[in-house]
Amino acid sequence: MAKSPAKTSFSCSACGASYSKWSGRCEGCGDWNTISEDKGLTSAGPAKKSLGAMRGKRLPLTDLATQEAPPPRTLSGVGELDRVLGGGLVEASAILVGGDPGIGKSTLLLQAAAQFANAGLKTIYVSGEEASAQVRMRAQRLGLADAPVKLAAETNLRDILTTLEAEKPQLAIIDSIQTMWADNVDSAPGSVSQVRAAAHELTTFAKTNGVSIVMVGHVTKEGQIAGPRVVEHMVDTVLYFEGERGHQFRILRAVKNRFGPADEIGVFEMTGAGLAQVLNPSALFLSERGQPSPGSVVFAGIEGTRPVLVEMQALVAPSPHSQPRRAVVGWDSSRLAMILAVLEARCGIPFAGLDVYLNVAGGMKISEPAADLAVAAALLSAREDTALPADTVIFGEISLSSALRPAPQTENRLKEAQKLGFTAAIAPSGGKSVSVPGLTLRPASDLTGFVGEYFGAG
Ligand code: TYD
Ligand code: MG
């Protein structure tokens, strides 16, 4: 019988979905022209014979009751960073730090490397993007030249692993995973197979050699770590470094952490001398928002798995047109129409003859129904020319009957609000009762009651 040719496989460079044949569009993420042939990492397919026939070695089994010492951790001394790591850097852990290009990942990790080196960890910083001289210059500018960090500029994974094996550091920083190149994989650096292979090698190395490895990963415009999501599954901790280029504040957020809570954030400020931790983030956040003003409301939202606080801005003005304008940026316009209808029909507040503008500040796009109550509050606040207290966040879904439904992940929203310095939250009553220290929960059962309580009408 003729032997069938080796199986080729294809995968999407944006989301990592794999296919048995090529197509123009990835069904996983919908992107065009992202599917390419996997080279060097082809699977052999399912084994023909049961593996049981070829005996493996028997695994030693343990029970759950065995007492285990907690993994050793090292504190960097930068509170915002240590908290996001779940209370310091865990020995032999693999960490992925994602973020937009130019957001400050290299700056953050160079500073972290210096902090950990000063705290006594033997630290190596490998840059695949910049020459050692460039990294050194940055370190000097940041005042870190005295820190005992060893530098290398290299992209060949085999050489890097050999070096790490010989040097036996306790912390290695790899900047970035997309520039790494494993010579046993036959495709270009940055491709799915290369990124996957490099991340796998590095993670395995971290576990077997007791080295903590931090990998930098670039993020695509859709906000995912470029290349496969599988990298996120491999590592112990995934951190995202976020912020807008035009603003000076940056948020380091744990989206996955096997050694601590996954919803912690650390807030930093990009200054001329590198990143400085922000000990009172609410001050920074509110300074951008300005004075409490009519039409402005802070919504405590969840984006994917991440809590995000955003400002909803509304403007309501008498319309010169026979058909008033309804303009929305960052939210669903049919959802706005629904809320206007509920306010009109159930609460007796007409918007006829009024132009309504709704804007989600900062270019954010919100798709959650939980933003309903924040939108209603912004509309009412603009219409009645009454500002809501600046220290209050709002969330909750509005049903057509004007009843309010509890939003999912209430606790995460409240924690985020509390973390960013808010002291009160207006949220639907009912659902699981949660309490977050330092935050007063003001329950509202329906929209009519909410209107009566905060706007004295309804
Ligand atoms: P960088 O860490 O190189 O970003 P990334 O590694 O995520 O691509 O940071 C780039 C930006 O940070 C750059 O545009 C300039 C700014 N920056 C400062 O504002 N202050 C500083 O002290 C440093 C080092 C960088
Ligand atoms: Mg960089």
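Anyway, here's the lowdown on the structure attached to this text. (Residues numbered from 1 in each chain as written. Chains lettered and ligands numbered in written order. Predicted model: local features only at pLDDT ≥ 70, side-chain atom pairs only at ≥ 80, totals over all residues. Heavy atoms only, no water.)

1. Here we look at the pairing of strand β17 (residues 326–329)
For clarity, the threshold we go by: Note on pairing: DSSP must find at least two bridges between two strands before they are called paired. Helical segments are the DSSP runs of H or I of at least four residues, strand segments are the runs of E of at least two, and each set is numbered from the N terminus. Orient the strands so they point away from the viewer, and a crossover whose first-strand-to-second-strand path over the helix runs clockwise is right-handed.
Looking at chain direction, β17 and strand β18 (residues 354–360) are connected through four bridges and run parallel. Bridge pairing in β18 links Val328 to Leu358. In this view, the connection linking β17 to its parallel neighbour β18 by way of helix α8 (residues 333–347) has left-handed handedness.

2. Brief notes about the sheet that holds strand β7 (residues 123–127)
Filter applied, for reference: All axes here are fitted lines through C-alpha atoms, helices being fitted over the stretch that makes contact, and every angle between N-to-C directions spans 0 to 180 degrees. Only heavy atoms enter the contact rule, under which two residues are in contact if any of them lie within 4.5 Å.
Taken in spatial order, the nine strands line up as β8-β7-β9-β10-β6-β11-β12-β13-β14 in an open sheet, and their pairing is mixed. Looking at strand neighbours, the two that pair on one side only are β8 (149–153) and β14 (274–277), the edges of this open sheet. Across the sheet, the axes of successive neighbouring strands diverge by a mean angle of 25°, strand direction being ignored. Summarising the sheet, β7 and β8 pair through five bridges and their orientation is parallel. In the sheet register, Thr123 faces β8, and the bridge partner there is Val149. On top of the sheet, helix α3 (residues 132–141) reaches β7 and β8; it is set at about 145° to β8, its chief contact.

3. With respect to the packing of aromatic side chains
Put simply, the rule reads: Here the aromatic set is Phe, Tyr and Trp, taking the six-membered ring for Trp, and pairing holds for ring centres within 6.5 Å; pairs whose planes are under 30 degrees apart are stacked, those over 60 apart are edge-to-face, and all others are tilted. Only protein chains enter the accessibility calculation, which uses a 1.4 Å probe; a residue is then buried when its area is under 20% of its type maximum, exposed when over 50%, and partly exposed in between. Geometrically, a charge over a ring is one whose NZ (Lys) or CZ (Arg) sits within 6 Å of the ring centre while staying within 35 degrees of the ring normal.
Applying the stated criterion to the full structure yields three aromatic pairs. Measuring from ring centre to ring centre gives 5.1 Å for Phe450 and Tyr454, while their planes differ by 40°; the resulting arrangement is tilted. Taken together, the residues span about one helical turn, with Phe450 and Tyr454 both in helix α11 (residues 447–455) at a distance of four residues. What makes Phe450 buried here is its relative accessible area of 0%. Aromatic pair Phe450 and Phe455: ring centres 6.2 Å apart, planes at 65°, arrangement edge-to-face. Taken together, the ring pairs connect Phe450, Tyr454 and Phe455 into an aromatic cluster. Stacked on the ring of Phe351, the Lys or Arg Arg383 has its end atom at 5.6 Å from the ring centre. Positioned over the ring face of Phe395 is Arg413, at 5.3 Å from the centre of the ring.

4. Comments concerning the site of ligand 1
We apply this condition: A molecule or strand has a residue near it when one of that residue's heavy atoms lies within 4 Å. Whenever two N or O atoms come within 3.5 Å, that pair is a polar contact, provided that in protein one can donate a hydrogen and the other can accept it, and provided that, for residues adjacent in sequence, both atoms are side-chain atoms. Under the convention used here, a 1.4 Å probe and the Shrake-Rupley method define accessible areas, while residue burial counts only the protein chains that appear. Residues were grouped as follows: Ala, Val, Leu, Ile, Met, Phe, Trp, Tyr, Cys and Pro as nonpolar; Asp, Glu, Lys and Arg as charged; and all remaining residues, including Gly, as polar.
Taken together, 16 residues are adjacent to ligand 1, and Gly102, Lys105, Ser106, Thr107 and Gly274 come closest. At 2.6 Å from an oxygen atom of ligand 1 is found a side-chain nitrogen or oxygen belonging to Ser106. The contact in question runs from an oxygen atom of ligand 1 to an N or O atom on the backbone of Gly272, over 3.1 Å. Computed on the free molecule, ligand 1 has an accessible area of 560 Å², of which 72% lies beneath the protein chains in the complex. Going through the elements one at a time, α2 (105–118), α3 and β13 (265–271) are the ones with two or more residues in the shell around ligand 1. Looking at the shell around ligand 1 residue by residue, the class counts come to five nonpolar, seven polar and four charged.

5. Focus: the pattern of salt bridges
Put simply, the test is: Think of a salt bridge as a Lys or Arg side-chain nitrogen and an Asp or Glu carboxyl oxygen that are within 4 Å of each other.
Tallied over the entire structure, the rule returns 14 salt bridges. The shortest N-O distance in the salt bridge between Arg335 and Asp372 comes to 2.7 Å. One end of the pair, Arg335, is in helix α8; the other, Asp372, is in helix α9 (residues 372–384), and 37 residues separate them in sequence. Assessed through its relative accessible area of 0%, Asp372 is described here as buried. Where Arg405 meets Glu397, a salt bridge forms, and the shortest distance between an N and an O atom there is 2.8 Å. Each member of the salt-bridge network shares a partner with another, and the members are Arg335, Asp372, Glu397 and Arg405.

6. Some words on the packing of α2 against α3
Quick note on the threshold: Orientation is classified from the angle alone, with under 35 degrees giving roughly parallel, over 145 giving roughly antiparallel, 65 to 115 giving roughly perpendicular, and any other angle giving oblique.
Where α2 meets α3, the closest approach of the two axes is 11 Å, and the angle between their N-to-C directions is 70°. Judged by the angle between their axes, α2 and α3 are roughly perpendicular. Contact with α2, carried on its side by Ser106, Thr107 and Leu110, involves Val135, Arg138 and Ala139 of α3 and no other residues of that element. When its residues are assigned to classes, the contact of α2 with α3 shows three nonpolar, two polar and one charged.

7. Points about the nonpolar core
To keep it simple, the criterion reads: Residues grouped as a nonpolar core are buried Ala, Val, Leu, Ile, Met, Phe, Trp, Tyr and Cys residues, joined through side-chain atoms within 4.5 Å.
Leu379, Leu447 and Phe450 are the most contacted members of the largest nonpolar core, which has 63 residues in total. Per element, the largest residue contribution to this core is nine residues, and it comes from α9. Those residues in contact with Leu447 that sit more than four places away from it in its chain are Val342, Leu343, Cys347, Leu373, Ala376, Ile398, Ser402 and Leu404. Ala112, Ala139, Leu144 and Ala254 belong to the second largest nonpolar core, which has 32 residues in total.

Scope: geometric values only; no functional claims are made or implied.
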